[in-house]
Number of protein chains: 2
Amino acid sequence: MKIAIYGYGNLGRGVECAVINSVDAELFGVFTRRAPETVKTVSGCNVYHVDDILNYKDDIDVVIICGGSATDLPTMTPDLAKSFNVVDSFDTHANIPQHFNNVNDAAKGTNHTALISGGWDPGMFSINRLYASAVLPDGKDYTFWGKGVSQGHSDAIRRIDGVKDAKQYTVPIDEALNAVRSGLQPELTTRQKHLRECFVVAEDGADKARIENEIKTMPNYFADYDTIVHFISEEELKRDHAGIPHGGFVIRTGKTGINHENSHVIEYSLKLDSNPEFTASVLVAYARAINKLYNRGDYGCKTVFDIAPADLSPLTNEELRKTML
Amino acid sequence: MKIAIYGYGNLGRGVECAVINSVDAELFGVFTRRAPETVKTVSGCNVYHVDDILNYKDDIDVVIICGGSATDLPTMTPDLAKSFNVVDSFDTHANIPQHFNNVNDAAKGTNHTALISGGWDPGMFSINRLYASAVLPDGKDYTFWGKGVSQGHSDAIRRIDGVKDAKQYTVPIDEALNAVRSGLQPELTTRQKHLRECFVVAEDGADKARIENEIKTMPNYFADYDTIVHFISEEELKRDHAGIPHGGFVIRTGKTGINHENSHVIEYSLKLDSNPEFTASVLVAYARAINKLYNRGDYGCKTVFDIAPADLSPLTNEELRKTML
């Protein structure tokens, strides 16, 4: 299958690497809103301008759209789904039903197949919430994120006066994780589940006490959490906090038995060196599935819930039953 | 959907509890090879003789077959798949391809839908091996079992002269788990991955040293493992080792990035108070899926790899997208 990348930031670069490392995918190239000659790709693949994509309708099996959920994907994905099979990582949970309907109308109307909200949350975490709740209906699930970098929270700190640069880690709290694993189904507050750890480079002469206070009291972002602020040098930030790690946990505990006497714990966790590269790897696996569905004539918009596991693999069903069941 | 249970041991009782606790399943009754009037069910549901099952062809949506993999299921599942939609937990990994073909022929020929090898291994563990390998193709996965009771190993000890009763726990070794989680993709021997802990009740006057030696040197079962043997009283065995707990871990580590420079860990684990009740809960979720597939006209034999997550849930796709994605 030939894959095109639409949008070339961290996620687009991750898709590029994942396609190159895949046994059955070929990279058609990257489409960018910038001047193509100014974009240097990791692999040296072809770069095209987004305005030209319709010229390559017959050369591309799946377009993986690597735009942002806030403003790019709500229009990009339905537009592209009129001409291509597409995969995106739309992650504004509350707007998924609307986005689904828009993409479904576009894809169904033109006999294309689309997958929205691939990645790990939404994505692999969603699947695990669903499997666990189907298997243990009498239970409760919990999602924890981290330890990992939150781009949104890092940006929020950078907007504070006197801050030169910053990186924020979301950290799940061990006591909360262990309380969940105990099976007691605790009610946990926002503050009990996660803490926020910030590494901040202040401008010369800036009032660090004021900056720390502004961070810790910032509504929505920090006020509901215990927040730790470290002031470090620009060199330290570059040396120790250059990566984009992330991860998290989906845990469901539940009961079985005629008197609900037996307890069970299902736990799924991710520990990722690179959030965008892992997300990209999930998108490439789902591009494979979408291509299979399209070839079977199964059109319209799908989510990870609608895709059978076998369709994600390059192996045949016979091989899978023999080697992995 | 109306569910019948075919075979009434620990697993059958687990299915009975899971159906009763389900929002959308109704228990038709239990079919047994014993004299029905001698079987007392947990819920007081109807009990029928297996010979009469064809009389109820139109009253049952799915038959969950709770027989053993060694001698029952290889004939039971294909036979019943000629007249019913069926789900089994066939777990002899090496014979799955043959069993699949037999059940597929029976189900396809009569327009029924079947699922084989439901449960957790094969089952939920298999799904996790598949998802993880599809997402991280450049990686390696490991399955660990336990801590949990192995019926086969417990039986093997009981066959030793001078042993009155016994329970054997398979225990994953922490050092091995942590070596795997490190991402170094170690090669691990059988002995490095699991140890075997045995609780043995000896007959009065039996030679415990001989029993311990016979256990530890038993080929296939114990000789390749570090084995710990505890002699305890019958009362202690009943008091402390009456349960059937189990569980385990599926861990895949893999690399991404143009130079394979980033490492990722995907881990799925189960901690189960009751192995048969959890297995049963998985079977009931797959019975729901099989019923949906049947109603869509999707006949033949399936495995957990062929079932989209959404089909396991009693919620609609719209509800799932809204609440779980």
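Residues numbered from 1 in each chain as written. Chains lettered and ligands numbered in written order. Predicted model: local features only at pLDDT ≥ 70, side-chain atom pairs only at ≥ 80, totals over all residues. Heavy atoms only, no water.

A. Structural detail: the overall build of chain A. Scanning chain A from terminus to terminus reveals eleven helices and 14 strands. For 325 residues, the compact-globule estimate of 2.2 N^0.38 gives 20 Å, and the C-alpha radius of gyration of chain A, at 22 Å, lies within 12% of that figure. Its C-alpha atoms give chain A principal-axis dimensions of about 65 × 60 × 35 Å. Excluding contacts between residues fewer than 6 apart, the proportion of contacts in chain A whose partners are at least 24 apart in sequence is 68%. Put simply, chain A shows about 13,400 Å² of open surface, and 45% of that area lies on carbon and sulfur atoms. (Helix = DSSP H or I, 4+ residues; strand = E, 2+ residues; numbered from the N terminus. Rg over C-alpha atoms; globule rule 2.2 N^0.38 Å. Contact = heavy atoms within 4.5 Å. Areas by Shrake-Rupley, 256 points an atom, 1.4 Å probe, with all protein chains shown as cover.)

B. Region of interest: helix 6 (residues 174-181) of chain A. All names here are of chain A. Turning to helix 6, its buried residues are A176, L177 and V180. Each buried residue of helix 6 lies within a common arc of 100° when the element is viewed along its axis, so the set occupies one face. Residues of helix 6 that are exposed and point over 90 degrees away from its buried face: D174 and E175. Those residues of helix 6 that are buried are in contact with strand 7 (139-145), strand 9 (163-172), helix 7 (190-193) and strand 12 (246-256). Positive backbone phi, at 85°, marks G183, one or two positions downstream of helix 6. (Buried < 20%, exposed > 50% of the residue type's maximum accessible area, 1.4 Å probe, protein only. Arc of directions from axis to C-beta.)

C. Structural detail: the packing of helix 4 (residues 124-135) of chain A against helix 10 (residues 275-295) of chain B. Two numbers describe how helix 4 of chain A lies on helix 10 of chain B: the axes approach to 8 Å, and their chain directions differ by 105°. Viewed along their axes, helix 4 of chain A and helix 10 of chain B adopt a mutual orientation that is roughly perpendicular. Taken together, the residues of helix 10 of chain B that come into contact with helix 4 of chain A (itself represented by Y131, A134 and V135 of chain A) are F278, S281, V282, A285, Y286 and R288 of chain B. (Axes fitted to C-alpha atoms, helices over the stretch in contact; angles between N-to-C directions. Parallel < 35°, antiparallel > 145°, perpendicular 65-115°, else oblique.)

D. Summary view of the nonpolar core. Ranked by internal contacts, the top residues of the largest apolar core, which has 155 residues, are V63 of chain A together with V63 of chain B. Excluding residues that lie within four positions of it along the chain, V63 of chain A makes contacts with A4, Y6, I53, L80, F84, N85, V86 and V87 of chain A. (Core = buried A, V, L, I, M, F, W, Y, C linked by side-chain atoms within 4.5 Å.)

E. Fine view of the relation of the copies chain A and chain B. Mapping chain A onto chain B calls for a screw motion: a turn of 180° about the axis and a shift of 0.0 Å along it, with 0.0 Å RMSD after fitting. Read as a symmetry element, the transformation amounts to a two-fold axis. By C-alpha distance to the rotation axis, the residue of chain A lying nearest is A308 of chain A, at 1.9 Å. Taken together, the interface assignments show that 100% of the residues at the interface of chain A recur at the interface of chain B, consistent with an identical surface on both copies. (Least-squares fit on C-alpha atoms with pLDDT ≥ 70 in both.)

F. Spatial organisation of a nonpolar patch on the surface. Among the surface-exposed residues, I20 and V42 of chain A together with I258 of chain B lie close enough to one another that they form a single nonpolar patch of about 200 Å² accessible area. With respect to the element layout, I258 of chain B can be found in the loop between strand 12 (246-256) and strand 13 (262-272). Given a relative accessible area of 30%, I258 of chain B falls into the partly exposed group. (Patch = residues over 30% accessible without salt bridge, like charges linked within 9 Å, V, L, I, M, F, W, Y side chains within 5 Å. Salt bridge = Lys/Arg side-chain N within 4 Å of Asp/Glu carboxyl O.)

G. Region of interest: the environment of I244 of chain A. Locating I244 of chain A in the fold gives a position in the loop between helix 9 (234-240) and strand 12. Discounting chain neighbours no more than four positions away, the residues touching I244 of chain A are N10, V149, Q151, D273, S274, N275 and P276 of chain A.

H. Representation of the pattern of salt bridges within the structure. Going through the model one piece at a time under the given rule, you end up with 34 salt bridges over all chains. Taking the shortest distance from any N to any O, the salt bridge between D79 of chain A and K82 of chain A comes out at 4.0 Å. Its relative accessible area of 47% is what places D79 of chain A among the partly exposed residues. On the basis of relative accessible area, K82 of chain A is assigned to the partly exposed category, the value being 46%. Salt-bridge contacts for D165 of chain B lead to R158 of chain B; the nearest nitrogen and oxygen are separated by 2.8 Å. With relative accessibility at 28%, the residue R158 of chain B sits in the partly exposed group. The network of salt bridges with common partners includes D155, R158 and D165 of chain A.

I. How the structure looks around the interface of chain A and chain B. Taken residue by residue, the interface counts 64 residues in chain A and 64 residues in chain B. In this assembly, chain A packs against chain B so that about 5,500 Å² is buried in total across both faces, 65% of it on carbon and sulfur atoms. When the area that chain A buries against chain B is broken down by residue, the three leading residues are Y131, R321 and L325 of chain A, summing to 15%. Where chain A touches chain B, the interface holds 27 residue pairs in polar contact (both at pLDDT 80 or more). (Buried area = accessible area lost by both parts, 1.4 Å probe. Polar contact = N/O pair within 3.5 Å; in protein donor to acceptor, adjacent residues only side chain to side chain.)

J. Inspection of unusual backbone geometry at higher detail. Residues and elements named next belong to chain A. Cis peptide bonds are those with omega within 30 degrees of zero, and the linkage from G146 to K147 qualifies with 0°. With phi around 65°, S117 is a residue other than glycine that occupies positive phi space. Within the secondary structure, S117 is located in the loop between strand 6 (113-115) and helix 4. The phi dihedral of H260 falls on the positive side, at around 55°, and the residue is not glycine. On the secondary structure map, H260 appears in the loop between strand 12 and strand 13 (262-272).

K. Structural context of empty space enclosed by the protein. For the structure on display, the rule yields three cavities of 30 Å³ or more. Lining the largest cavity are 14 residues, with A18, N21 and S281 of chain A together with V135 and P137 of chain B positioned closest to its centre. Residue assignment for the lining of the largest cavity shows that the elements contributing at least two residues are helix 10 (275-295) of chain A together with helix 4 (124-135) and strand 12 of chain B. The element contributing the most residues to the lining of the largest cavity is helix 10 of chain A, with four residues. Its residues assigned to classes, the lining of the largest cavity comprises seven nonpolar, four polar and three charged. Of the volumes computed, that of the second largest cavity is approximately 40 Å³. For the second largest cavity, the full set of lining residues is M124, I127, N128, Y131 and Y268 of chain A together with I127, N128 and Y131 of chain B. For the lining of the second largest cavity, the secondary-structure elements that each account for two or more residues are helix 4 of chain A together with helix 4 of chain B. A per-element tally of the lining of the second largest cavity places helix 4 of chain A first, with four residues. (1 Å grid on protein atoms, 1.4 Å probe; cavity = no way out; pocket = protein on both sides within 12 Å on 5 of 7 lines; lining within 4 Å. Points joined across faces, edges and corners; volume = space filled by probe spheres on them. Nonpolar A, V, L, I, M, F, W, Y, C, P; charged D, E, K, R; others polar.)

L. Expanded view of the pairing of strand 1 (residues 2-6) of chain B. All names here are of chain B. Summarising burial for strand 1: four of the five residues are buried, a large majority. Relative to strand 2 (residues 26-32), strand 1 runs parallel, the two sharing five bridges. Paired with I3 across the two strands is L27, which belongs to strand 2. Assessed by its sense of winding, the connection that carries the chain from strand 1 through helix 1 (residues 10-20) to strand 2 is right-handed. When strand 1 meets strand 4 (residues 62-65), the two strands line up parallel, connected through four bridges. Residue pairing across strands places I5 opposite I64, the latter belonging to strand 4. (Pairing = 2+ DSSP bridges. Right-handed = clockwise from strand over helix to strand, strands pointing away.)

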